[in-house]
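Structural features, examined
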Amino acid sequence: QVQLVESGGGSVQTGGSLRLSCAASGGTFSRYVMGWFRQAPGKEREFVATISWSGAYTNYADSVQGRFTISRDNAKNTVYLQMNSLKPEDTAVYYCAADRRIMSMSKTSTDYDYWGQGTQVTVSS
């Protein structure tokens, strides 16, 4: 069983930056594809970014491409989401997730096996 704990959320103004972290424990972190998803009030959970087990491959939602960067440190069992040029529409609870299928790189939330509790990101105009 893998436990995921997100941190780094907060409140920023438009154009600001935040760095989210997700620390994993209880499993072999380097074997998992990791993803970030977000859910705004009244909306479905949506894909943000995903990263391969090695960190060599990444994929982003069109809405965050060029502004967000996903990375991982397998030695620290941690995945990061650097968020720059934040917009009010980025306001949501952000979740990290782990997928046991090592080649998946899925954008579908139901494909992920383990989830964190989420961290709130609020961007004000």
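Our structure's up above, just so we're on the same page.
Please read these numbers as outputs of a predicted model, since none were measured by experiment. (Residues numbered from 1 in each chain as written. Predicted model: local features only at pLDDT ≥ 70, side-chain atom pairs only at ≥ 80, totals over all residues. Heavy atoms only, no water.)

Regarding its fold elements, the protein chain presents 0 helices and 11 strands. The N-to-C order of helical and strand elements in the protein chain reads β-β-β-β-β-β-β-β-β-β-β. Each of the three principal axes of the protein chain carries a C-alpha extent, and together these read 40 × 25 × 25 Å. The proportion of buried residues among the 125 residues of the protein chain is 43%. In the protein chain, 59% of the contacts between residues at least 6 apart in sequence involve partners at least 24 apart. Accessible surface, the protein chain: about 6,200 Å² in total, of which carbon and sulfur atoms supply 46%. (Helix = DSSP H or I, 4+ residues; strand = E, 2+ residues; numbered from the N terminus. Buried < 20%, exposed > 50% of the residue type's maximum accessible area, 1.4 Å probe, protein only. Contact = heavy atoms within 4.5 Å. Areas by Shrake-Rupley, 256 points an atom, 1.4 Å probe, with all protein chains shown as cover.)

Turning to the sheet that holds strand 1 (residues 3–7), a few remarks are in order. Taken in spatial order, the 4 strands of this open sheet run 1-3-8-7, and their pairing is antiparallel. Lying at the two open borders of the sheet, with one neighbouring strand each, are strand 1 and strand 7 (68–73). Each adjacent strand pair in this sheet contributes to an overall mean axis angle of 15 degrees, direction not counted. Where strand 3 (residues 18–25) and strand 8 (residues 78–83) come together, 6 bridges link them in antiparallel fashion. (Pairing = 2+ DSSP bridges. Axes fitted to C-alpha atoms, helices over the stretch in contact; angles between N-to-C directions.)

Okay, a nonpolar patch on the surface next. A cluster of nonpolar side chains, namely Trp53, Ile102 and Met103, defines an oily patch on the protein surface of about 340 Å² accessible area. Tracing the sequence through the fold places Trp53 in the loop between strand 5 (46–51) and strand 6 (58–60). (Patch = residues over 30% accessible without salt bridge, like charges linked within 9 Å, V, L, I, M, F, W, Y side chains within 5 Å. Salt bridge = Lys/Arg side-chain N within 4 Å of Asp/Glu carboxyl O.)

Where a strand is regular, its side chains alternate between the two sheet faces. Burial along strand 7 is one-sided: the face carrying Phe68, Ile70 and Arg72 is buried and the face carrying Thr69, Ser71 and Asp73 is not. Here 6 bridges tie strand 7 to strand 8, and the two strands are oriented antiparallel to one another. Residue pairing across strands places Asp73 opposite Thr78, the latter belonging to strand 8. Counting the residues that bridge the hairpin from strand 7 to strand 8 gives 4 residues, and of these Asn77 lies at a positive phi of roughly 55 degrees.

This part covers the environment of Ala23. Tracing the sequence through the fold places Ala23 in strand 3. Separated by 93 residues in the primary sequence, Ala23 and Gly116 place their C-alpha atoms 9.1 Å from one another. If we skip the residues at most four places from it in the chain, Ala23 touches Gln3, Leu4, Val5, Asn77 and Thr78.

Inspection of every chain in the model, using the stated rule, returns 6 aromatic pairs. When the centroid spacing of 5.8 Å and the interplanar angle of 75 degrees are considered together, the rings of Phe37 and Phe47 count as edge-to-face. Taken as a pair, Phe37 in strand 4 (residues 33–39) and Phe47 in strand 5 lie far apart in primary sequence, 10 residues in all. On the basis of relative accessible area, Phe37 is assigned to the buried category, the value being 1%. Judged by centre distance (5.1 Å) and plane angle (55 degrees), the ring pair of Phe37 and Trp115 falls under tilted. Of this pair, Phe37 sits in strand 4 while Trp115 sits in strand 10 (residues 114–115), and the two are 78 residues apart along the sequence. The class of Trp115 is partly exposed, set by a relative accessible area of 27%. Ring-pair connections join several aromatic residues into one group, and the members of that group are Phe37, Phe47, Tyr95, Tyr112 and Trp115. (Phe/Tyr/Trp six-rings, centres within 6.5 Å; stacked < 30°, edge-to-face > 60°.)

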